[in-house]
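Residue-level structural notes
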Amino acid sequence: MKTDVVVIGAGAVGCAIARELSKYELDITVVDKNEDVGGDASKSNSAIIHTGYDASPGTLESELVVAANPMYDEIARDLDVQFERIGAILPAITDEQLEQLPAIKDKAMRNRVYDVEYLTREDVLRMEPEINPEVRAALYIPRESIIDPFVLVQAYAENAFANGVHFLLSTKVTDIRTGDGHIQSVITTGGEIETKWVINAAALFCDEIAGMVGKRCYDVVPRRGQFYILDKNTSCKVKHIVLPIPTKVTKGRLMSPTVHGNMLIGPTAEDLDDKTATETTAEGLKSIRVDVEKLVPRVNWRDAIIQFSGLRPNRVPEGLHVDTYEDLKGYINLSGVRSTGLTLSAAMGKYVAHLMVSLGMNAPFKKNFIGTRKGITRFADLSVEQKAALIEEQPLYGNIVCRCETVTEQEILEAIHRPLGARSVDAVKRRVRPGTGRCQAGFCTPKVIEILARELNVPASEIMKNEKGSYYVVGDMR
Ligand SMILES: Cc1cc2nc3c(=O)[nH]c(=O)nc-3n(C[C@H](O)[C@H](O)[C@H](O)COP(=O)(O)OP(=O)(O)OC[C@H]3O[C@@H](n4cnc5c(N)ncnc54)[C@H](O)[C@@H]3O)c2cc1C
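Anyway, here's the lowdown on the structure attached to this text. (Residues numbered from 1 in each chain as written. Predicted model: local features only at pLDDT ≥ 70, side-chain atom pairs only at ≥ 80, totals over all residues. Heavy atoms only, no water.)

**As for the side chain of Asp207**
Condition: Only DSSP runs of H or I reaching four residues or more are called helices, and only runs of E reaching two or more are called strands; each is numbered from the N terminus. Burial here depends on accessible area, computed with a 1.4 Å probe over protein chains only, as a share of the maximum for the residue type. Under 20% is buried, over 50% is exposed, and the range in between is partly exposed. Working rule for contacts: check all heavy atoms of both residues, and any pair within 4.5 Å makes them a contact.
Mapping Asp207 onto the fold places it in helix α7 (residues 206-212). By relative accessible area, which is 1% here, Asp207 ends up buried. Each residue touching Asp207, except ones within four places of it in the same chain, is listed here: Arg216, Tyr218, Asp219, Val220 and Lys275.

What follows is the structure in structure tokens.
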């Protein structure tokens, strides 16, 4: 196989880069070891589109996050992604925290996030009545926003696909061949791909990819973040992202609504040496409860419907880097995309494309670039009249598969049959949400397996939860 550009990694960053590059007359191939687009870190995070108010001023990370935040109104509209500018509140509960507010505001100004404001105690309690009544004052960061992180990555990928990008999923990059100071080819579990450019967007594993071309000058140490998700009907909810004042050790644990109306609480920050350690722990979850109750004392933990964790690709030595090499033309190495990668993905796409132009990539702009993507109709969000009209048109909208989230069979069919469609139960869940409600898939999993098996024309025993080997059905009873 021959291509112009291989992007390694179909997470937020790899897919945003692929979409941006698909504006040029280039042959682009995205390769990912996972069975679905969506990445590793990109599907297990706080789902916040940051402003960059607290980034280290003057760094590439600050530059990209600050630049990316305003892009999301257009991205959400053009790519049909749920996104809400709900704003964040950073309450000072103690005198010591109160003293820290001016320094945090000063940092925001140095990052050119000028719309950060002080709130009085009265303002805070009016805007967010569940905040600890001992609050002294707060900072308000109006453009901190929430997004559907799964659909964002799917949308980048589907739009890139619509513009001709090839996706090789369940395909691991195992080596890279170089020669005469240039990239020659990428070796994968699916064969060799000749290419002029390689973009390493492999996040947790970007150090291993860098090692394949002799450019490993850092390690990636996974930093785990554990979370709780609370039911939509929980008794204590917040309307804004409620952020703790960071300490020297950690940025702390937040409480935030999700775009679907649940409460998301966490994360922890634990440095580990295992890049697959995505389990949650009693200790980690307890530390979240202790911290968050200082901000929002009435949180109802009995409404927790699931806990999960994600691994931040923490670079050692620290810092976000986009490296190119005089002695290895065509290779671009991204590393240290750690805690803000979902946000900065939009700007990173543009940054990398521009970098390639400055390095001599002279492909012309495509005349027929498709800039928009239509998402799957969310039946649950429609009015009674709209629902009735849809069922009239397409009766499978009348078959509710997930009762907690009101997900219909027709939405599941769309999740399976659209480009880069779902092949596993989790991939369906990330697209249209069966199993994300209060019963956590207790009722709908067999139904989803049955639909996947029928539509993909395979036995139910071949339907997986996610990766190869994660079977639900192991044989016939009768
Ligand atoms: C707990 C937590 C909270 C966070 N909160 C936020 C937040 O609120 N806002 C925000 O902006 N960011 C947040 N982040 C950070 C953000 O999630 C990441 O920075 C971002 O998702 C990184 O995207 P990525 O595409 O670089 O990596 P990933 O999503 O990890 O994708 C990398 C891809 O590379 C593939 N890959 C790796 N090795 C190979 C190989 N050899 N061959 C083929 N494919 C390979 C992987 O399969 C994976 O799909 C958070 C992260 C965590 C863990």
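**Describing the nonpolar core**
Heads up, the condition is: Throughout this description, the term nonpolar core refers to a set of buried Ala, Val, Leu, Ile, Met, Phe, Trp, Tyr and Cys residues connected via side-chain atoms within 4.5 Å.
Judged by nonpolar contacts, the single largest core of 56 residues is most densely connected at Leu21, Tyr72, Ile199, Leu334 and Met348. Considering each element in turn, this core owes the most residues, 9 residues, to helix α9 (residues 341-358). When sequence neighbours within four positions are dropped, the list of residues in contact with Ile199 reads Val5, Val6, Val7, Ile8, Ile17, Leu21, Ile332, Leu334, Val352 and Met356.

**Overview of the packing of aromatic side chains**
Heads up, the condition is: A pair of Phe, Tyr and Trp rings is counted when the ring centres sit within 6.5 Å of each other, with Trp represented by its six-membered ring. The angle between the planes then sorts it: under 30 degrees is stacked, over 60 is edge-to-face, the rest tilted. A ring has a charge above it when a Lys NZ or an Arg CZ is no more than 6 Å from the ring centre and no more than 35 degrees off the ring normal.
Within the structure shown, the criterion is met by 6 aromatic pairs. Taking 4.9 Å as the distance between ring centres and 50° as the angle between the ring planes, the aromatic pair formed by Tyr228 and Trp301 counts as tilted. Of this pair, Tyr228 sits in strand β14 (residues 219-230) while Trp301 sits in the loop between α8 (282-295) and β19 (304-316), placing them 73 residues apart in sequence. With respect to burial, Tyr228 and Trp301 carry one shared label: buried. Arg403 extends its terminal NZ or CZ atom over the ring of Phe443, reaching a point 4.4 Å from the ring centre.

**Description of the side chain of Asn34**
Note the following rule: Nitrogen and oxygen atoms within 3.5 Å of one another constitute a polar contact, given that in protein one can donate a hydrogen and the other can accept it, and given that sequence-neighbouring residues count only through two side-chain atoms.
Looking at the element boundaries, Asn34 is found in the loop between β2 (28-31) and β3 (48-49). Here the side chain of Asn34 touches Lys33 through a polar contact of 3.1 Å, side chain to side chain. Setting aside chain neighbours within four positions, we find Asn34 in contact with Gly39, Asp40, Lys43, Leu169, Ser170 and Glu467.

**Some points on the sheet that holds strand β8 (residues 145-147)**
What counts, and what does not: Only when DSSP finds a minimum of two bridges between them are two strands counted as paired.
Overall, antiparallel pairing links the 3 strands, which are arranged β3-β8-β4 in an open sheet. For this open sheet the edge positions go to β3 and β4 (83-84), each flanked by a neighbour on one side alone. With 2 bridges joining them, β4 and β8 adopt antiparallel strand pairing. Within β8, the position partnered with Phe83 by the bridge is Ile147.

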